[in-house]
Structure formats: C-alpha cells, structure tokens
Amino acid sequence: MATEDRRSYADGFGQVSRTVGIIFRYLLLAATLFGIAVLAILLVYVANDAIQPLTADAGWHLTFFLTLVLPSLATGGYLAWSNVDGLKLGAMTLGLFVVGLLFSGGVAIIFLEVLPPLVWFAYVIAFAVPVAVTVGLQQRSRQIPFVSRFALATLAFYLSLFGFPGIVGSYAELPQLIPSVATLILFAPIVPLDWIQLTLTVGVFAATPVALYASAISDRRTGLIAGAAALATVAASAVVGPAVVGVGPIPSVVLASVAVLPTAAYVCGTAVTREQARIGLVLPVVIVAGALAGEVLVDTLGYAGPQSWVDWQFLTSDHSGTAANAGLYPAIAGSILLMLTVAALSFPIGVGAALYLEEYAPDNRYTRFIDVNISNLAGVPSVVYGLLGLGLFVTRLGQSTGTILVGGATLALLILPIVIISSREAIRSVPSEMRQASYGMGATRWQTMKNVVLPRAFPGILTGTILALGRAIGETAPLIMIGAPNVLYSFPSELSSKVSAMPLQVYSWASYFATNDFYEKAVPAGVVVLVTVLLAMNSIAIVLRNRYQRET
Amino acid sequence: MSNDNVESPTEDPTDDDMLLETDVTSGLEEGTQGSRTTHERTIVEAKDVNVWYNQDQALRDITMQVPENKVTAMIGPSGCGKSTFLRCINRMNDMIDAARVEGELYLGEKNVYDDDVDPVALRRRVGMVFQKPNPFPKSIYDNVAYGLNIQDIGGDHDAIVEESLKRAALWDEVKDQLDESGLDLSGGQQQRLCIARAIAPDPEVILMDEPASALDPVATSKIEDLIDELAEDYTVIIVTHNMQQAARISDKTAVFLTGGELVEFGDTKKIFENPDNERVEDYITGKFG
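The structure displayed is predicted, hence computed values, not measured ones.

Observations regarding the overall build of chain B
Then step 1. Each helix and strand counted, chain B has twelve helices and ten strands in total.
Then step 2. In chain B, which comprises 289 residues, the share counted as buried stands at 47%.

Written out as structure tokens, the structure reads:
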C-alpha cells in the first residue's frame, strides 16, 4: 500500500456533470405520461357524459362521501401505511369479486338467451361420459395399443354425441338406431329443474378448483369438504336468490359459481395461508358496507342520485329509435358470442401453428418466409381482413352476411397472427435446459412437448390469446365489411343469426342515429361498457402473467 | 435397482466390489486404481470419431475405450471438445443442426451412429446429468418418475422413486415433501434430484457434464461421494474442469487439449503422476490451460 502517494480527498472527489442525463430522463418521463394522460382525460370526459355525476343532489354526494369514500380512504391509507400486503390482499379480493360479477353477467346472458340449460346439461353429460371412457382406457394403456385406444375413444365420443349411425348415417339417410346420450337427456321424460342442471354442471366446474385449492393448502379431506360446501352454496343460492334478493334461479346459480365461490375461496385460502395480510380483508368489507349504508341513507333521506346513462335499463334493453329507451343488450351479447367464436377458432389454429413453427419446422428459407409474412400480417389493417372475410366466407363459401359465424371467423383471421406471435414467444421462453433434460431422458419430441414445453408455456400462450381477443372485441371495420347490422333489435341466438357488437353499435349511434341524446349520452355510455368489458378481460391476462412470472 | 422390468446389464461387479469399498475419495494416495484394470470390459468404444460444427472441427480422430462400471473422467481446457464427445455418446448432438459426426462409436456391440439406431431409444439406455441443475417444474416425485412415465416402464413407481432418491442420497431430505416442486430445492439438492431422475429408469451408462461446477464445495463433495457409489452399478462418464475432482473420483482419465484432440487416455493415477505427454503434464501442473 503506497499510502503516502495518495491524496487525502479532504476536499471531496470533485463533481461530474449530469445535466444532459437529467434532461433526458425527464423528457422520457414526459413521453411516457403524455399518452396515458391524454387517454385518461378522454376517459374521464366520456365517463362524465355517461354517468353524469353532477346531476345528483349535493346530499347524495355528501352521504356517499361520508359512508363510502372517507372510510375506504381511511382504511386504505391505514393499510398502505401499516400493512402493504394486507392492502394488496384487500384490493385483490375486491377486484376478484367485481370481475367475477361482470363475468357472471356474461355467463348468465348466455344461459338465459342463447343456450337453454337443458341443452347445455345434455351436452356436458354427453362429453363427460366419453371423457371418462378415455381416461379409463388411458389407465390400461399398457394392455391396449394406442391405435385401438384411439379408435375406442373416438367411437365413445361419436356414440355419446351423435348416437348410431349418427350424422354420418343421416347423410346416407339411414334411420337412427341408437340415440345419443345427448338426445336421451334432451328427450328424457323427467329431467331435473334447470337450476339443478346448472348446479350439476357450472357448479361442479366451479367447485372442483375450490376443492383442489383447499386440498393443496391443507389435505384431501379438507379439499373434499370444501368442494362439497362450495357445491352446497351454489345449490342454496338457487333457493335463496329468488326468495331474498329477487334474482332468478339461473342468474343466482351463475352468480354463486362465477363470482361468489372464487372470491370466497380466495378469502378463505389467504386467511389461512397468509396470516400477516389477513387484516386487509377489512378493506372490501368497509367498501361494501359503506356502499350499502350510503344506499339506504339516500333512500330514506330522499336524495336523488345521478341520472346515469349506464343503468340497468341501458344494459338490458334493445336498440330503440329514441335515445332514452335505447340499450346495448343485443350488442353486449353479440360481442360475447363473437368472442367465444373467435376464441374457439383462433386458439387451436394459432397455438397449433406456433407449436409447429417453434418445435418442428426446419430452419430454412421457406420457414423464414412464413415467419416474415406472419409478422407482416399482424400489421395489415383490419378493414382488409373484413374484405377477406367478405370475399372468402360470404362470396366463396356462400354464408349469409353478418352472422356470428362469419363475423367470428373474420375476427379470428384478424387476430391469428397476433396469437401465433405471442404463443411462439411463450414457447420460446421455455428454457432450453428443460428440453435438453427431457430429450436426455429419452423422451420423444411429442412427449417433451406434452410434458415439459406446453405446461410451462401455457400461461404465456393464454395471456397472449386473451390480449389478442381484447383487440378483436374492439374491432368495427371488419364487421362493417362483412355486413353485420349496425344495430340489433333482437337477440342473436344461434351461430347463423345476424350479430352486432358493442363497438359497431356505438359507431352507428355516433353516425346514423346522431341526434344529440344519442351522440352525447348513449355513445359515452356504450364506450364505458365496452371499456369495462375490455378491462375485465385484460385483468385475467394480467393476473395470469403475474402468476407466470412468479413461477419462473 | 428395484426395477424388475428392465434387465440389468450390470450383474457382474466381479471383484470390484471389494476394491470400491476402500476410500477412493481421499485421492491418489490410496493407489487403488491401478489394480482395477485387470477385469474390465469395454462398454463405450470410439473409433476415429470426428465432429464438425459447420466448418469447424470440434473433435479429431477420437479413439478410446471406456470400461464398464468405472468412472471415466474427461478433462481439458474450455472448447477442447470433451462435452461434445459426451454428447456424441447419447447422440444429443443430433439436436444441433450444424453438428456432423463421423466415425464409429459403439455402445456395447452396437455402433450408435448406425442408420437403424433410434436416438430416442438409445437415450433411454444412457442417462445424462447436465452442468446446470435442470429439474422440471413438477413435483419431486414426478421429476424422478419422469423417465418411468415417458418410457412406459411398469412396476411399483413409488418403490423405484424411493430407491432412486435413496441412491442419490436425497431421500432423507425430501421424503416428506415429495409433492412439492423440484425447483424449491437448493442447487445441490436439485442436482442430486437430477441424478435420481437419471438413474430411475436404470440406464447402463450415466453421462455427467460438469455436474458439480455450479455447486458450492459441500454440495460438490456430496455429488462426488455419490458418483463413487454409482460406479458400483453404472458406468459413469464425467466431464470436469476440476482436475482435483477428476483425480479424486475417476478410475480412468482422458485428457483433451485444444483442437479437439484426445492427447492421452489411461489410468487416472498414471495420468496425474506420470503422464507420457509433455503437454498433458503442463496442463495438469497448471502451466497452461
């Protein structure tokens, strides 16, 4: 150590200028905030027009301020100061419940309008039977060769869904000899009540994850008890709902399965596993209690609320010539049905293509040509896809214009490149060490894909697909091109019926029906509903992505 | 191994048993290696193996005979081709489009590069442990049972999993948490899990590509003890950067030097005490590499 050579540094070390860096930093911040701020201002304007909070009495505002806003802020602030985990837990619980409510609305619409519970019930059973057969065959995979197992499973599905000789026979005009399981149930002399059918299907679908979650936290027995309790809750809701709240049995069952059960499971689960954060559950309690108390108070005191355009009437009415009576119901349902069709078409095709390109395709000029073109297709304007849909499905394949099937297929084409690209990203992000490990164990490519790559990439694939669906739900131009009606007065009930969608209806209110009331009130209300549905969908993607990142 | 569906190729440990009971971990001073060569049988034999990555030659005319039920170490500086050679044995190099292998490489009587050899079937006979612990994001049980499931091996999986974990010296640490994710284990435990996974389907040869290089000294010494025990039933071929490790655990040592040449191959004791090749001596004494 040559200490005598060192200076003492008593004067410090001098300064290095950072002016340029600081300016650059704040320019970047401004760029980041600019877009967000502009969008936020627009949304505030739109929400103001749609909900019109200023039309309410001052007393109404004061009441809710005292019962809802103040206690919520106080609780939230206290939690943020003392227990951030608790605050997160409370916010998550509330968010889960709200998103669950939105989704149960969508599911309830489907069961009330499109799909009679009996048909749903019949086909769920008709699917469950061959699935059970397939699982049973799989258990004996060592005794029965693959081809026989595959043939038997296919036969089971065919018999259960179509009977014998089924759809193949009907082409050859053979008489139906054995009815399918679906038909048996559809035409059974005695069937359970519709809410029992839903409890046995939707309720079981909802109770199974609850049971698995509980058994993962605790043990098998707790899991079984939790599952049974969940199912009992769903069944009870069908009785309690109509009697107490005045909601029909079908919406009650859906509400219990989609909104109440997941929230309750989450609350119970976290209350057991995260004792530190348990206190955060106060927040949703305060908010819900505050909202109820405020509602009761303004009713008794006689204060008038805001004349919001987003109300029950708006959500449940068809379009009408006068803005005050017009509603978004057929368009909401149309959007839901379109999304289901788009998801059913784009998910298997997109994920299949992504898997092929990532796992099987050789790296040659043809593959690279396809790569480049998929990226380009993602950027093609949506109106061009509309033209493609019109030319392909309507002109070539002779479908009628503007149906759910044609609209869904067109939108599926539109988002297919995005689904492929995001799925490929997810598949590529599976570490190569995992594949190496699997191949090193003597796994075939198929086994590696099934056991290692797909389970690992699945959350990412799902996230990408949901975000792509979010793009499809906002599209207007392709729907106009394929001749979807601007507004609907009745409900689209099957794949071949005409469909409108939320953005299309909003667009037509703003153009063809542009009286002041439509333009200034119905349009903002439609936008608020559209954005809410979009955010609900994206919130699932966000939750999935967070889970995914935690695991990696 | 308790695995009765797969016939064990390693039924004749001859008189190695007794020899292996002596403490080999203490290194060369015990001097047990020399006498082991008497009854050895060759299980992996390379004849003039050349490997290219595109235009670059990674291995030149490798000819060597790996004895059965022994630990064979491959040492050498980075980029000398020792990992490449390891991956030739179970044809993992097939995965790399640019790689091209010439020459003959026998596992038992069969050239693994014959046209009628299915590389997937080959890999089921040859286990592999990688440099970085790479358990699957599955439960500990499912990790060990992975090979049993994909290779459709019947029998009592619970017993095989337990036995494999015991042989990998991991059972006592994980027996109460078999349902938990393999990724929750520490690095050393993960690597032992990977070894358990590799031995569960009862392969003939276990390839290890620097299995301890990502581990701390305590975990490393556990892995080394384990390798020593594995050699009772399996042929272990291990690539290592750590010459002390090679000296401690191996019976035979192959020294690769830059350019993909196998410079010297022989009993570990001889290589480390009295190598024929001057370059090997320089490498081992740390003058280069």
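Points about the overall build of chain A
Then step 1. In terms of helices and strands, chain A carries 21 helices and zero strands.
Then step 2. Within chain A, residue pairs in contact and separated by at least 24 positions form 74% of the contacts whose partners lie at least 6 positions apart.

Here's the deal with the pairing of strand β8 (residues 235-239) of chain B
Residue and element names in this part refer to chain B.
Then step 1. Among the five residues in β8, five count as buried, and that is most of the element.
Then step 2. Looking at chain direction, strand β3 (residues 71-75) and β8 are connected through four bridges and run parallel. Residue threonine 72 lies in a different strand from β8, and its bridge partner there is isoleucine 237.
Then step 3. Of the strand pairs in this sheet, strand β7 (residues 205-209) and β8 are connected by five bridges, and their pairing is parallel. Within the sheet, the bridge partner assigned to leucine 207 lies in β8 and is isoleucine 237.
Then step 4. This β-α-β element, β7 to helix α9 (residues 217-230) to β8, shows right-handed connectivity.

What to know about helix α14 (residues 365-378) of chain A
Then step 1. Relative to the 20 Å expected for 14 residues at 1.5 Å per residue, α14 of chain A spans 20 Å between its end C-alpha atoms, a close match to the ideal helical length.
Then step 2. With zero of its 14 residues buried, α14 of chain A lies for the most part at the surface.

Regarding the packing of helix α9 (residues 220-245) of chain A against helix α10 (residues 249-273) of chain A
Residues and elements named next belong to chain A.
Then step 1. Interaxial distance between α9 and α10 falls to 8 Å at its minimum, and their mutual angle equals 140°. When the interaxial angle is binned, α9 and α10 end up oblique. Of the two elements, α9 crosses α10, and the hand of that crossing is right-handed. Mapping the contact onto sequence places Ala230, Thr233, Val234, Ser237, Ala238, Gly241 and Pro242 in α9 and Pro249, Ser252, Val253, Leu255, Ala256, Ser257, Val260 and Leu261 in α10.
Then step 2. Tallied by class, residues from the contact of α9 with α10 come to ten nonpolar, five polar and no charged.

Side note on the pairing of strand β4 (residues 99-107) of chain B
Residue and element names in this part refer to chain B.
Then step 1. Where strand β1 (residues 42-53) lies against β4, eight bridges are found, and the strand directions are antiparallel. The residue bridging valine 51 from the neighbouring strand is valine 101, located in β4.
Then step 2. As paired strands, β4 and strand β5 (residues 110-111) are joined by two bridges and run antiparallel to one another. Each residue of the ladder has a partner; that of leucine 107, found in β5, is lysine 110.
Then step 3. The antiparallel pairing of β4 with β5 creates a hairpin that spans two residues between the two strands, and glycine 108 there sits at a positive phi of about 65°.

Here we look at the interface of chain B and chain A
Then step 1. At the interface, 20 residues of chain B touch 17 residues of chain A.
Then step 2. Of all the secondary structure elements, the ones that give two or more residues to the side of chain B that touches chain A are α4 (119-125) and α5 (140-150) of chain B.
Then step 3. Of the residues contributing to the side of chain B that touches chain A, the split by class is nine nonpolar, five polar and six charged.

Quick look at the domain arrangement of chain A
Residues and elements named next belong to chain A.
Then step 1. Here chain A is described as being made up of domain 1 (17-56), domain 2 (57-83 + 281-305), domain 3 (99-114 + 192-276), domain 4 (117-191) and domain 5 (316-551).
Then step 2. Using only C-alpha atoms to locate each centre, domain 3 and domain 5 end up separated by 28 Å.
Then step 3. Contacts between the two partners involve eight residues from domain 3 and, on the opposite side, nine residues from domain 5.
Then step 4. Looking at the side of domain 3 that touches domain 5, its residues break down into six nonpolar, one polar and one charged.

Comments concerning helix α1 (residues 19-51) of chain A
Residue and element names in this part refer to chain A.
Then step 1. When the terminal C-alpha atoms of α1 are compared, their 46 Å separation across 33 residues agrees well with the 48 Å that a helix rising 1.5 Å per residue should span.
Then step 2. The buried count for α1 comes to one of 33 residues, which makes it a mostly uncovered element.
Then step 3. Two residues or fewer after α1 comes glutamine 52, characterised by a positive phi angle close to 50°.

Points about the packing of helix α15 (residues 382-396) of chain A against helix α16 (residues 404-428) of chain A
Residues and elements named next belong to chain A.
Then step 1. Their axes nearest at 9 Å, the elements α15 and α16 cross at an angle of 135°. Put simply, α15 runs oblique to α16. Taken as a pair, α15 and α16 cross one another with a handedness that is right-handed. Taking contact as the criterion, the partners of Ser382, Tyr385, Gly386, Leu388, Gly389, Phe393 and Val394 in α15 are, on α16, Val406, Ala409, Thr410, Leu413 and Leu414.
Then step 2. Of the residues in the contact of α15 with α16, the class split is eight nonpolar, four polar and no charged.

Section: the nonpolar core
Most often, soluble globular proteins keep nonpolar side chains buried together rather than apart.
Then step 1. In terms of nonpolar packing, the biggest core is built from 180 residues, with Ile415 of chain A together with Ile206 and Val236 of chain B touching the most fellow members.
Then step 2. For this core, the leading source of residues is α16 of chain A, giving 16 residues.
Then step 3. Domain assignment of the residues forming this core places at least three in each of domain 3 (99-114 + 192-276) and domain 5 (316-551) of chain A.
Then step 4. Once residues within four sequence positions are removed from consideration, isoleucine 415 of chain A is found in contact with Val342, Ser346, Ala468, Leu469, Arg471 and Ala472 of chain A.

A short note on unusual backbone geometry
Residue and element names in this part refer to chain A.
Then step 1. The backbone phi angle of glutamine 52 is positive, close to 50°, even though this residue is not glycine.
Then step 2. Counting through the fold element by element, glutamine 52 comes out in the loop between α1 and α2 (58-82).
Then step 3. Judged by local crowding, glutamine 52 falls into the partly exposed class, with 17 C-beta atoms found within 10 Å.

The rules behind each value
Residues numbered from 1 in each chain as written. Chains lettered and ligands numbered in written order. Predicted model: local features only at pLDDT ≥ 70, side-chain atom pairs only at ≥ 80, totals over all residues. Helix = DSSP H or I, 4+ residues; strand = E, 2+ residues; numbered from the N terminus. Buried ≥ 20, exposed ≤ 12 C-beta atoms within 10 Å, placed from the backbone. Contact = placed C-beta atoms within 7 Å. Pairing = 2+ DSSP bridges. Right-handed = clockwise from strand over helix to strand, strands pointing away. Expected span 1.5 Å × (residues − 1). Axes fitted to C-alpha atoms, helices over the stretch in contact; angles between N-to-C directions. Parallel < 35°, antiparallel > 145°, perpendicular 65-115°, else oblique. Left-handed = near helix turned anticlockwise from the far one by under 90°. Nonpolar A, V, L, I, M, F, W, Y, C, P; charged D, E, K, R; others polar. Domains from an automatic or database assignment. Core = buried A, V, L, I, M, F, W, Y, C linked by C-beta atoms within 7 Å.

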